[in-house]
Structure formats: structure tokens, C-alpha cells
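Remarks on the overall topology
Chain by chain, the residues run as shown.
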Amino acid sequence: MVSLKEKFEKIVGADHVSDGSAERYVYSRDMTENPPREPQLVVMPSTAEEVQQIVRLANEERVPLVPFATGQNVGGLTIPQVDDAVIVDLKRMNRILNVDEEGMYMVVEPGVTFGHVRKYLDENHPNLRYTYAISSPFTSVIANALLQGLCDLSTRYGAMAEFINGLEAVLPTGEIVRVGSAILGDDNWFGRYPLPDLVGLFTGWQGMTGIVTKMALQLWPKKPFTRHFALFTFGEFMTTDLLKQIVRADLAEDAGALSFSVVKGLIGMPAPIEAIEGEPDYGTFLNLSGVTRLVLGGKVRLLEGIVNNSKVKEPKNLLIPFEAVARLMSEEAYGWVDFPSDSFKQLTEYDGLTWMGTYIHPRNWGEALVKGREIVEKYGYELMAFLKPMKGMHFCEFKFIIRFERDDENLKKVRQCNNELLDLALDLKAIPYKTPVWSAKKLHERADPNFVELVRRIRDLLDPNGIMNPGRWGL
Amino acid sequence: MTSDESVIEQWLHSCVRCSNCKYVFREYSPSCPSGEHFGFETYYASGRIWLAQALYKGELEWESSLLDPIFACTTCGNCESQCLAPHSEYIVDMIEELRARAVQEIGGLPSHIRFRENVVQCHNPYGAEHHNRNLVETHSLPLQAETVYFVGCTSNYRETQIRDATISVLKKAGVDFTVVDEYCCGSPLIRTGQLDPVNEAAQHNADAIKDAGAKRVVTSCSGCYRTLSRDYPKLDIELGVEVVHITQFLKELIDKGAIVPRSTEHRPIITWHDPCHLGRHMGIYDEPRDVISTLPVDLVEMETTRENAWCCGAGGGAKAAYNDWSVETSKKRIEQALRTGAELIVTACPFCTRNLRDGSSEDGPPVIDITELVGRFI
Ligand SMILES: Cc1cc2nc3c(=O)[nH]c(=O)nc-3n(C[C@H](O)[C@H](O)[C@H](O)COP(=O)(O)OP(=O)(O)OC[C@H]3O[C@@H](n4cnc5c(N)ncnc54)[C@H](O)[C@@H]3O)c2cc1C
Ligand code: SF4
Ligand code: SF4
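Residues numbered from 1 in each chain as written. Chains lettered and ligands numbered in written order. Predicted model: local features only at pLDDT ≥ 70, side-chain atom pairs only at ≥ 80, totals over all residues. Heavy atoms only, no water.

Glancing now at the overall build of chain A. Tallying secondary structure elements over chain A gives 15 helices and 19 strands in all. Over its C-alpha trace chain A gives a radius of gyration of 22 Å, about what one expects of a compact globule, namely 23 Å for 475 residues. Expressed as a percentage of the 475 residues in chain A, the buried residues total 63%. Of the contacts made within chain A by residues no fewer than 6 positions apart, 72% connect residues no fewer than 24 positions apart. Surface summary for chain A: the accessible area is close to 18,500 Å², and the carbon and sulfur share equals 52%. Distance between charge centroids for chain A: 4 Å, based on 53 positive and 63 negative side chains. (Helix = DSSP H or I, 4+ residues; strand = E, 2+ residues; numbered from the N terminus. Rg over C-alpha atoms; globule rule 2.2 N^0.38 Å. Buried < 20%, exposed > 50% of the residue type's maximum accessible area, 1.4 Å probe, protein only. Contact = heavy atoms within 4.5 Å. Areas by Shrake-Rupley, 256 points an atom, 1.4 Å probe, with all protein chains shown as cover. Lys, Arg positive; Asp, Glu negative; His and termini not counted. Charge placed at Lys NZ, Arg CZ, Asp CG, Glu CD.)

Below is the structure:
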């Protein structure tokens, strides 16, 4: 009898299938506290047609599939939730298929990473930019958009799913479909509307509704004039109020705020980093731009005015131009604003990294930070909050990052801490992002039951045999 | 090895699997020949580190399917150059310790075991008849001298043109040197986790160098250079002499006027391949370039150089056990070299020379050792 492994080998070639114990171990876990589970096989397709054959085979054999790009979602999302799953590692599908200068989008495969996009655009389309995360440069741009993540244009344009013009996916039943304007053919990936917006069938689903094999993502013109500033502020409410004013005035393309401990880490302070009485609570990197020097100058003056006004309440608030930051820290500092991935070094301190992150109503942002801080401090972790105003201040993001050694005791403690943070977030009606199963289940308990039921029905409709990432999102 | 300290234990809670080691930082071109070819996460540094940790903690049982992820790595150290984490400079040490454990627990790869047996029986991994000391007679060398030229097995039994060019250059420069009854330095054994015969060979070499009354050892091979300088002290083998690589020695000889390269009408375009054991493992990047800058040649660098140089594919036992992949890796380096327009590809490691040649086409630029290049102009 032909074994399952042999059947997969027939599709992708023997070199691209493994059931070795090394692969089963490494793909069974990630950097987070989420419990491991071994897959039975790992397969690496290189084309959409191979993905299609894999999905068809999985249907015939009733084998669960888990899509994997680089496994750095920080939510345990590529860890199988059921036994005998097959990991579909997509890194061989790594082509940037097209950059349309006029329509300002790129069409990429799932193995394409931020680093590769950055290099490709710099070399071939220097007037265009994508938007970059603080993750390692080598994480998938498609996975990031599917997860509705946030990057350095999110303060202006919102979560990463907003950047999707359309996509091609292999459905759980094996059909290859397109959504968005490219239903009328290649070189027409200009947008999603006016159509039933089926991009939403794939974003936020954590790989439960199919395997995306192509995606068109929006690019933006590089602004000719830019300036960067660092803003140091005190107190959660005052910091968030000030950020709200700055972003509502449409001054910043990006505003990423970090606990001051993270700023200290950036300049090389070794772990563990403690917060010291009297130092600022947050450092925010602000990116201002303009189509002319005059426009930029106007924004700078307005920003200085807003910060000066804030000094009535908090005289120690400090706005400094990035040139001064770079002099103080190092030239590396320019890298952090130019390509935020360059700043993620301090998150590689140990073998463990996790966070509880959410999108939240602006009204509840400050309170979430105050109370979250209390929880993190209670557990004795470093204060590593990261917050971002999103989509022109329509909503906000916050997360508390925990870097830790993955031993049994820490895993337990981290789970408890994240649990408490999640309870707090849900109390404030925040929506957790990149939810591990335990977190999704807590969300279900509080969410409109008809919403959860609708999600379940759509999933069942698309995936009658339940082969795509079963158990994910607590379904 | 005598050191009881486990580098795996030291870094048991390191490596977040951030993928940074997969590509050249800020350049985004591939860095890891192993991961690039095999593709599974297990074939990158991070996968190997997680395996090493899991095996150490007992979360994973030893079994033969682990052998490929453990051994299909050239130990090139490019991952070390890209990793930003605190353990970065210990990655290759972790991989080597993992290999030593693998050899103990499940045995090594058959091709590695074969060259271990050869080293034990013939003192070189090729199983060639041991004849090193004959060179003294052939080249009328003294029995004792200030400098010992440590030929290395690949130069002596395979890439003999490197040995001959080195001896010729040293003679022309008037260097007081000899060769000793050297045994394999142990590099291929250390890199493949087969540590038990290493001490004896190392001690033999130490004694032979001492008997020659030398103050300095010069190696042709980057692997020998690393082993004599970095690994012998870990084995508590003190050579008591200065160890230099031929590129450093050539620079010294040129600087003090013992070698005066003559000019030529045609200045060939050359490119330089940084051997991993010389560059990343030992930090020697400038000396070969300084030497080349004194010659009537024009150096055009490849797109990846120095810390980021793409590996030739031969190291860490990869050539012996995975020749196809090893040559495929070398072909990628050759493609980089071709893009420079070079007429000659120059390096300073017999192992790199061999594999780069294996990756070249017959009508491509010849691959030569730096001593051969210098030899052309003196
Ligand atoms: C240090 C660090 C910093 C980070 N910073 C940020 C940040 O600033 N902003 C941000 O948004 N994220 C951030 N992340 C999270 C994450 O890295 C990104 O969202 C990332 O781009 C996800 O890509 P990945 O390659 O890790 O995906 P994976 O973890 O491999 O996959 C993520 C999910 O998508 C599914 N999936 C993957 N590919 C497909 C596909 N083709 N079709 C269907 N489903 C698929 C998987 O099954 C899984 O559920 C960070 C992570 C780390 C470790
Ligand atoms: S070895 Fe370093 S660069 Fe590679 S995954 Fe681990 S921490 Fe990241
Ligand atoms: S030593 Fe070289 S081949 Fe081995 S894991 Fe590191 S980069 Fe890859």
C-alpha cells in the first residue's frame, strides 16, 4: 500500500516531505507558551497547483493541514491543534510576481518576507514603499496581512488586512479561487470593490479557510520630505491623550510608542531592564512627512505646538528631533524608523517570547495600559508595552511583550500573566489579535453567540471535511 | 576534547527562532547553504539549536532520522554573523557539540566514519600513504627551522599545487622553514564530532613542531589554521609557537620587502573568496586583500564578502557526506564570482579551491590559491 508520505512525495518530490523526528519536533512548537503538538509530516510545495493537490489529497485521506510561513506569529498559530496534522510549509513559494507602479501594488507569494520586499523595492521601484513590522525582517507579508497585523503605516491606514487588494487561494475543498478585481484577469489587482468583499473569508481566520497562494498588497509613494522625532512622555492617560491629539491632527504617518524600558533596551541596556522612578514612561517614535518642505515644516511646527501645550499638565514631556536621538544612541537609530525590524534585536534575548495584544476603543486605551502595567509588574516581568494609534485614531493597539526562558516554571507563570491580561482586555471590550486557542475560547464566552455561530457555519460550509487547521480559534 | 563545559547547556534557553540567521542582515540574500537547499526549519541554525536543546533536555529521543539535520551543515558560521541574539558567536560550537553527542549516541555518518578510520591508520582523511616528511628531502629543507610550514592533508594529498606554490614562494622569500612529520590536524574530526582520535594527533603535531625548534607555524589550510589556533588550546595542547595563516605571513613578507611583486602589462581581474574558517571563524579578512592590493591585479569583490560571504559548500564534512549539495552550494558562489567578470577566482584554503573548482565549468575562470597568484608575480 502507498503510504501517506509517498503520496505527498509524489506531489512535491521526496526532498520536500519529511516525517523525521527532528522536523516533527521543531514544527510542533514555537517561541510562545502555547502547548506543543507534533505533526505527522511536513510538506513544502512550490506552486499553487501543488498546494491544490495537497489539499485534494488531504480531503481524500481526511488529513488535517496547517499552513506555515515562518511560524513567528507569537500566538502558537502554526502548532497543530489535533494529532496527525500535516504542516504545509510555504517558504518555497517565495516569488514577488509583479509590481504595478501605476496601480501601486505588488503581487506576492506566501513565502515572501518583509526583508525581501524591502530589498526588491529599493532595487527596482525606489519610489514605492510597503509597510514594515517590528518582527524579524524574515516573516511573511501575506501571513502578516492575513493576521490583520500592524506595521509602520498602520497609524495612518489601519490593520494590515486593509492593504489587501485581492488574493488567490486554494479552498479547503481544493478549488483555486480569486477574490478582488483580478477576477477579471492578471495585471488587474487594483482593488476589492465594488464586489462582495470576500477577502474577509481569509483574513483573521488563521488558516482555517484555505491556503492563500497569491496576494496583491498596496504600495505607497515614498514621501520626498520626512523627519523623525522621539517623544518622551509620562503617565498612561497623558501619553495616550497626547498621541490622540497628534494623530487626529494627521501629523504622523507612524506613531509607535514603547515603554521606556524598551527604549533603554534599544540603546543596549542588558536584560532584565527595570523601570526607574522619575524616568519617562513612554518613548514614541514619530514619523512626519510632506510632499514639500513647506508642508513638512508646517506639520513640525504644529507638532511642537501640541507638545508644548501638553507641558501645561506635564512639564517634563520632551520632543526631540531624531538627529539628536541618533547622536545620543547611535546611527543605528535611523534603521529603527526606516525599517522597524532593525529594532527587534532585544526580543531575541531568550528562547521564549509572547504577548497579549489587542485592538481597542480609544476610550479604553489609557485604562488598559494602567491596569495592564499593574499585572505585568505583579508578575515581575519587564515593562515592555507597545502601543500604536491605528487608522487615524479610529482605534488603538496595545500589547505587553514578555521575553522569557522557556522552562516549566516560566511557561506556567507566563500563561497566568497573559490570562490576566486577556481578562482585563476583554473587560475593556478589546479584541485580542492573533488569538491562541485559549484566548479565542475566552473571547467566545463574551462575544455575541450568533457571531461565533456564523463563523462556525461559514467554516463548515467551506471545509465540509474539517481538514483546514481544525481546532484553531477554538472551533 | 577535554573541556567538560557544555555550550548547549550554557545556551539552553536561547534562540527565539526569529529567522534572522537565514539571510544576510539588511542585504536579504540567503546566508545558510543548508537551509537554502533543504528548506525545512531543522536545516537552519535555529532548528539545529532547538534540536540540540531538546536532545539535551531529553524532550527528543536519539534516532537515525536526526542525522541529516545534524550533519548537513557546512559549519560555515554565516548564521553567527547574522544572528543578533546573545548566543550568536556560539552557534557553530553548539552544532559541533551536538554532532559529538550524535556520534556517541547513534554513531556518525558512514563517510565521516571512513575518514576517521583513515586518519587513525594513515594520519590523513584520504587514506593516502603518509609521506609528509619526504618533502624535506625533495626540497632540501633543514631538519630544524624558525618556521614550520604545516602543509595540511588536502594540500599534501590532493591539491598539491598549493603545497608546491607555497614552498616555492617561501623559498623565494628566503624564509628559514621546514616541514614536520605532521598528522591530520584533526579539523575534519572535530567538525564532524569524532573527537576521540584528535588528542593523540594533536599531541603528535605539537611534539613534531617542538622538535623542529620552530617559533612559528604557517598553514596553507584555513581549517588547519583554525584548528591549531582555536581548537588545540581547548584540548589543552599548547604549541608554544605563533600560528599564522599563509595570508598573514605573505603580508608580513611583502611588508618587510622579502617579497617584491613585479608589475605586468596585463592586470587580470580577480575575485577573492573568503574561506569560512579563515574569515568568519578567525576574523582574517584584511590580510589577503592587503596582499592582493600589492599585486598587479584588479580585485572585484563578489556581492557577498567577508562576514557575509557565501560558503564554498565543502566544510563541516559536507563534501564527504553530501557531495551533490556541496557542489550545488559551490556553484552559487561561482555564479557570484562570474558576475564580477573575474578571470581568476582566488582563495586561501585547499578545501575551498577543490570545491569551487568542482562547482566551476571547464571554460570558467580557474580557481587558484593565493600562493599561486603571488607566485606568478615573483
Ligand atoms: C519579534 C516579533 C515582532 C513582531 N512584530 C509584529 C508587528 O510589528 N506587527 C505584526 O503585525 N506582527 C508582528 N509579529 C507577528 C508576526 O511575525 C507577523 O504578523 C508575521 O508577518 C506573520 O508571519 P509568519 O511568517 O510568522 O506567519 P506564520 O506564523 O507562519 O503564520 C501565521 C498564521 O497564518 C497562517 N498562514 C500562514 N500563511 C498562510 C497562507 N498562505 N494561507 C493561509 N494561512 C496562512 C498560519 O496557519 C498561521 O495561522 C511579530 C513577531 C515577532 C516574533
Ligand atoms: S540562531 Fe539567532 S538569528 Fe537564528 S533564529 Fe535563533 S535567535 Fe534568531
Ligand atoms: S553554519 Fe552555515 S550551514 Fe550551518 S546552520 Fe549556520 S549558516 Fe547554515
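Structure shown, so let's carry the discussion forward.
This part takes up helix H7 (residues 110–122) of chain B. Residues and elements named next belong to chain B. Compared with the 18 Å implied by 1.5 Å per residue over 13 residues, the 18 Å span of H7 between its first and last C-alpha is a close match. Taken together, the buried positions of H7 are Ser111, His112, Phe115, Val119 and Cys122. The arc that holds every buried residue of H7, seen down its axis, measures 120°, which confines them to one face. Away from the buried face of H7 by more than 90 degrees, exposed residues Pro110, Arg114 and Gln121 are located. Check the buried side of H7 and you find it contacts helix H4 (67–71), helix H11 (187–191) and helix H16 (318–321). At the exit of H7 stands His123, carrying a positive phi of roughly 70°. (Expected span 1.5 Å × (residues − 1). Arc of directions from axis to C-beta.)

On to the pairing of strand E4 (residues 242–245) of chain B. Residues and elements named next belong to chain B. Judged from the 4 bridges that link them, strand E3 (residues 216–219) and E4 form a sheet pairing that is parallel. Counterpart to Val218 in the pairing with E4 is Val244. The parallel pair E3 and E4 is bridged by helix H13 (residues 222–234), and the resulting crossover is right-handed. (Pairing = 2+ DSSP bridges. Right-handed = clockwise from strand over helix to strand, strands pointing away.)

The next subject is the domain arrangement of chain B. Residue and element names in this part refer to chain B. Taken domain by domain, chain B comprises domain 1 (7–108), domain 2 (131–255) and domain 3 (269–375). Using C-alpha coordinates to define each centre, domain 1 is positioned 24 Å away from domain 3. Domain 1 puts 24 residues into the contact, and the matching count from domain 3 is 19 residues. For the pair domain 1 and domain 3, the number of links is 10 residue pairs in polar contact (both at pLDDT 80 or more). At the level of elements, helix H2 (33–38), H4, helix H5 (78–82) and helix H6 (91–106) are the ones that each hand at least two residues to the side of domain 1 that touches domain 3. Tallied by class, residues from the side of domain 1 that touches domain 3 come to 11 nonpolar, 10 polar and 3 charged. (Domains from an automatic or database assignment. Polar contact = N/O pair within 3.5 Å; in protein donor to acceptor, adjacent residues only side chain to side chain. Nonpolar A, V, L, I, M, F, W, Y, C, P; charged D, E, K, R; others polar.)

Residues and elements named next belong to chain A. Spatial ordering of the open sheet is given by E5-E6-E10-E8-E9, a layout of 5 strands whose pairing is antiparallel. Pairing within the sheet leaves two strands with one partner each, and these edge strands are strand E5 (96–100) and strand E9 (176–180). On average, each strand axis in the sheet is inclined to that of its neighbour by 10°, with strand direction left out of account. Its contacts with the sheet put helix H3 (residues 48–61) on strand E8 (164–170), E9 and strand E10 (211–218), and the angle it makes with E8 is roughly 50°. Sheet strands touched by helix H4 (residues 114–124): E5 and strand E6 (105–108). Its angle to E5, the strand with the most contacts, is close to 45°. (Axes fitted to C-alpha atoms, helices over the stretch in contact; angles between N-to-C directions.)

Right, let's talk about the site of ligand 3 for a bit. Residues and elements named next belong to chain B. In the vicinity of ligand 3, the contacting residues are Cys32, Pro33, Ser34, Ala45, Arg48, Cys73, Thr74, Thr75, Cys76, Gly77, Asn78 and Cys79. At the level of secondary structure, the elements contributing two or more residues to the shell around ligand 3 comprise H2, helix H3 (45–57) and H5. Grouping the constituent residues of the shell around ligand 3 by class yields 6 nonpolar, 5 polar and 1 charged. (Near = heavy atom within 4 Å.)

All names here are of chain A. Of note, the bond from Tyr193 into Pro194 is cis; its omega dihedral lies within 30 degrees of zero at 0°. Of note, Pro194 is situated in the loop between E9 and E10. Each neighbour pair has its own omega, and for Ala271 with Pro272 the value is -10°, a cis peptide bond. Within the secondary structure, Pro272 sits in the loop between helix H8 (260–266) and strand E14 (282–290). The residue Lys434 is not glycine, and still its phi comes out positive at about 45°. With respect to the helices and strands, Lys434 occurs in the loop between strand E19 (431–432) and helix H14 (437–446).

Turning next to the domain arrangement of chain A. A common way to report how large an interface is uses the accessible area buried once the components associate. All names here are of chain A. Once the domains are mapped, chain A shows domain 1 (4–91), domain 2 (96–221) and domain 3 (225–432). For domain 1 versus domain 2, the separation of C-alpha centres amounts to 23 Å. Taken together, the contact pairs 16 residues of domain 1 with 20 residues of domain 2. Where domain 1 abuts domain 2, roughly 1,400 Å² becomes buried across the two surfaces, and 70% of that area is made up of carbon and sulfur atoms. Where domain 1 packs against domain 2, one counts 0 salt bridges. (Buried area = accessible area lost by both parts, 1.4 Å probe. Salt bridge = Lys/Arg side-chain N within 4 Å of Asp/Glu carboxyl O.)

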